[in-house]
Amino acid sequence: MSDDSSRPQAQKDLLWGMYSDMRAHARHAETLRANAVNIVLVVASALVAVIAADGNLRRDELPVSLLVIFIGVIGLAFAAAYTELYQRNRRRAERFRAVLDERFFVADDPTITEVLNASDERHQATSFYRWTRRLTGSTQRFWLVVPALVIVTGTALVIAIAAA
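These numbers were taken from a predicted model, which means no experiment stands behind them. (Residues numbered from 1 in each chain as written. Predicted model: local features only at pLDDT ≥ 70, side-chain atom pairs only at ≥ 80, totals over all residues. Heavy atoms only, no water.)

A. Main features of the pattern of salt bridges. Enumeration over the complete set of coordinates arrives at six salt bridges. The residue Arg-58 makes a salt bridge to Asp-54 at a minimum N-O spacing of 1.9 Å. Residue classification places Arg-58 among the partly exposed residues on the basis of a relative accessible area of 36%. Its salt-bridge partner being Arg-90, residue Glu-94 comes within 2.4 Å of it at the nearest N-O pair. With Glu-94 and Arg-90 both in helix 2 (residues 62-104) and four residues apart, the pair spans about one turn of that helix. The exposure class assigned to Glu-94 is partly exposed, which follows from its relative accessible area of 31%. Owing to a relative accessible area of 18%, Arg-90 belongs among the buried residues under this scheme. (Salt bridge = Lys/Arg side-chain N within 4 Å of Asp/Glu carboxyl O. Buried < 20%, exposed > 50% of the residue type's maximum accessible area, 1.4 Å probe, protein only. Helix = DSSP H or I, 4+ residues; strand = E, 2+ residues; numbered from the N terminus.)

Okay, structure coming up:
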C-alpha cells in the first residue's frame, strides 16, 4: 500500500509529466507542419522553375502545372491536419496546467496561468506585436496561406497554358 502523504506529490509529478508530454507533442506537430510546408515550397518552386526555364508556356507543361496544384493541395491538407493536432495537444496541456494550478497553488501565490497571462499582456502591449499581428494575423493562418498560394500559382499556370 502506498503512503497517503506521498499521493499529492505523485499526482503533481503525474500531472506535470502529462503537461510536459502534451507540450512536446504540440511542438512536434508544429515542427512537422513547418517542415511539410517548407518541402511544398521547395518542390513547387522547382516545378515552377522547370515550367519557366525556357520563358514560354507550352501545352506539354500542363501536367507539371497540375502537379504544382496537387502539391499545394497535399501541403494544405497536411498543414490543416497538423494545425488541428497542434491545437488538440496545446489544449490538453492547458487543461493539465489548469489542474496543477487548482490543486497545488495556494491563494496568495500566482498560478502558472496567471504568470503566463501577465507575461502575454506585457508582450501584446508592445507596438511590434500589434504591427506583426496586423501584417500577418495568426501564425496558424500563415501555415495555411503558404500552400494555398502554391495552389493559386499552379492554377494561374494552368490557365495561362490553356490560353497559350
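Next comes the rest of the description.
B. How the structure looks around the packing of aromatic side chains. The tally for this structure, following the rule as stated, stands at four aromatic pairs. With a centroid separation of 5.1 Å and an interplanar angle of 35°, the aromatic rings of Trp-16 and Tyr-19 are classed as tilted. Of this pair, Trp-16 and Tyr-19 both sit in helix 1 (residues 7-52), three residues apart, which is roughly one turn of the helix. Judged by its relative accessible area of 44%, Trp-16 falls in the partly exposed class. (Phe/Tyr/Trp six-rings, centres within 6.5 Å; stacked < 30°, edge-to-face > 60°.)

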